[in-house]
Amino acid sequence: MKTLITNGLVVNSTGTALADVLIDGETIAAVLAPGSQLLGFDVAANVDAVIDARGKYVIPGGIDAHTHMEMPFGGTSASDTFETGTRAAAWGGTTSIVDFVVQYAGENVIDQYTLWQAKAAGQCAIDYGFHQILSDVQDSSLVAMDELLKEGVSSFKLFMAYKGVFLSDDGQITKAMQKAASNGSMIMMHAENGSVIDLLVQQAIAAGNTSPYFHGTTRPWQAEEEATHRAIMLANLTGAPLYVVHVSAKQAVAQIATARDAGQNVFGETCPQYLYLSLEEQLAASSTEWGTFEGAKWVCSTPLRSREEGHQHHMWQSLRTNDIQMVSTDHCPFCMKGQKDMGLNDFSKIPNGIGSVEHRMDLLFQGVVDKQISLERWVEVTSTTPARMFGMYGKKGVIQPGADGDVVIYDPNGHTSIGFGEGRSHHMNMDYSAWEGFEIDGHVDTVISRGKVIVDDDRYLGTKGDGQYVPRGLSQYLI
Ligand code: URP
Ligand code: ZN
Ligand code: ZN
């Protein structure tokens, strides 16, 4: 199958050009001057399909490098399966995800990896890779880090919070970092001080402060800043590269920026919820001072931060200045009925997570419309940098000959209304949308995954199993 996308504005992170894009089979074969003439040869007359992208952007498919499909967590499991979650991602212009293999204390890392490969196999609508979560960092886990590298898993997530569930102590973190420094892999860090948070949570519940609002107040920015600093110091000590996930506090950004300015290999990711949503408007979610249970919809960790304190404004700025390098969703959806409501009388029992995998490309495009970031930076933070950061660039994250035919045709004159109801967009397996009522001045028109059109004109044309496992190399930001 040969497809030619004509007359679009091709947007790479490096610049834009009016060009035609030829996809041959699963791969981009050529980027041509508009008109598709090649040494007198009429390309358009010799392909199977022509897609007219006049007036539209032609961008590399989105890469969401932080998702948790069907993750067992908080006494339940994330409500999107690999099938439903990746289909929703496709609807929103994301053509690859990197999900997390979970290892709880006592479990064997390789067994868990094998299990996650089996969960995803034949289910996904788009391509997928894996990071590996490590909790108790056994000796066998260190051996597994080498073995998993050969399988294309080149990044390992550790947690400084969730004691008794995921938390690794500083010694365990140091051990894993020493291994990463020696084998070239990336350490990803959930940077919140778990002991401090656990104490504040206990005190809040004992004082009768049980509503979702207190999820935010018991995970203060100081706990994020302190853990971010500690993670940076341990990375400095060991020489491991460090990628801090879901950064929400401006003070944590400052820690990352300082380390980067000093030449350390430290990177930061934020998520749409930390750019748009806040403690006051969502977690409080009510006219009453401490909110209602409605706020449970936005219980996630790190938590939504105060707009009065300016975190959201600072996060956009950090994207512009490259103090923060990329945007993933941390997609970890739970329904209100039967899942979030486990914490009706105790916010600490609300499963942590927000579902956004479908909306990341749109929400960040709105940042272009609102002049928060440039068009090229939109592509960079949502596709090119994720590809580079996690060893997929060249094949993913760019429109150039030889890259996978993962292409999105985005209409800047279209419109997307997010949420449930007539004319609105919501395909994730949730009973609510954390983004209900958001209006986007743009629209995902066509999504092509390795040469196959899987979304077109508000129709889903793909099938379960279209997506393939992507073995990844080492981060392309490291020498
Ligand atoms: O609230 C969150 N972030 N849930 C998913 C697990 C994690 O920490 O990334
Ligand atoms: Zn986390
Ligand atoms: Zn996460």
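Residues numbered from 1 in each chain as written. Chains lettered and ligands numbered in written order. Predicted model: local features only at pLDDT ≥ 70, side-chain atom pairs only at ≥ 80, totals over all residues. Heavy atoms only, no water.

Q: Before we go on, may I ask you to explain the sheet that holds strand β19 (residues 416–418) in this structure?
A: Whenever strands of a sheet pair, they do so through backbone hydrogen bonds, lying parallel or antiparallel. Pairing is mixed across the open sheet formed by 3 strands, whose spatial order is β20-β19-β21. What marks the edges here is a single partner per strand, and that holds for β20 (424–425) and β21 (439–440). Judged from the 2 bridges that link them, β19 and β20 form a sheet pairing that is parallel. Following the sheet pairing, S417 is matched in β20 by R424. (Pairing = 2+ DSSP bridges. Helix = DSSP H or I, 4+ residues; strand = E, 2+ residues; numbered from the N terminus.)

Q: Before we go on, may I ask you to explain the site of ligand 1 in this structure?
A: Lining the immediate surroundings of ligand 1 are 14 residues, of which K157, H190, S301, D330 and N352 lie closest. Between ligand 1 and the protein, one listed contact pairs an oxygen atom with a side-chain N or O atom of H66 at 3.5 Å. Protein chains shield 100% of the accessible area of ligand 1, which is 270 Å² for the free molecule. Taken atom by atom, the bulk of ligand 1 overlaps the largest cavity. Partitioning the shell around ligand 1 into residue classes produces 5 nonpolar, 7 polar and 2 charged. (Near = heavy atom within 4 Å. Polar contact = N/O pair within 3.5 Å; in protein donor to acceptor, adjacent residues only side chain to side chain. Areas by Shrake-Rupley, 256 points an atom, 1.4 Å probe, with all protein chains shown as cover. 1 Å grid on protein atoms, 1.4 Å probe; cavity = no way out; pocket = protein on both sides within 12 Å on 5 of 7 lines; lining within 4 Å. Sits in = over half its atoms within 2 Å of the grid points. Nonpolar A, V, L, I, M, F, W, Y, C, P; charged D, E, K, R; others polar.)

Q: I would appreciate a short explanation of the coordination of the zinc ion (ligand 2) in the present structure.
A: Six octahedral donors around a metal ideally make angles of 90 or 180 degrees; four tetrahedral donors ideally make 109.5 degrees. With distances of 2.1 to 2.3 Å, the protein atoms coordinating the zinc ion (ligand 2) are K157 (NZ), H190 (ND1) and H246 (NE2). Spacing between the donor residues of the zinc ion (ligand 2) along the chain follows K-x32-H-x55-H. If you look at the zinc ion (ligand 2) and the zinc ion (ligand 3), they sit 4.0 Å from each other. Separated by 33 residues along the polypeptide, K157 in strand β13 (residues 155–159) and H190 in strand β14 (residues 186–190) bring together distant segments of the chain. As far as the burial class goes, K157 and H190 line up, both buried. (Donors = N, O, S within 2.8 Å, 3.2 Å for Na, K, Ca; no water. Buried < 20%, exposed > 50% of the residue type's maximum accessible area, 1.4 Å probe, protein only.)

Q: In this structure, what is going on with the nonpolar core? I would like to understand it.
A: The tendency in soluble globular proteins is for nonpolar side chains to be buried side by side. Ranked by internal contacts, the top residues of the largest apolar core, which has 133 residues, are I187, M189, L242, L364 and W378. Leaving out residues up to four positions away in the same chain, W378 has contacts with Y57, I59, M361, L364, F365, V368, I373 and Y410. Judged by nonpolar contacts, the second largest core, of 15 residues, contains I28, V398, V407 and I448. (Core = buried A, V, L, I, M, F, W, Y, C linked by side-chain atoms within 4.5 Å. Contact = heavy atoms within 4.5 Å.)

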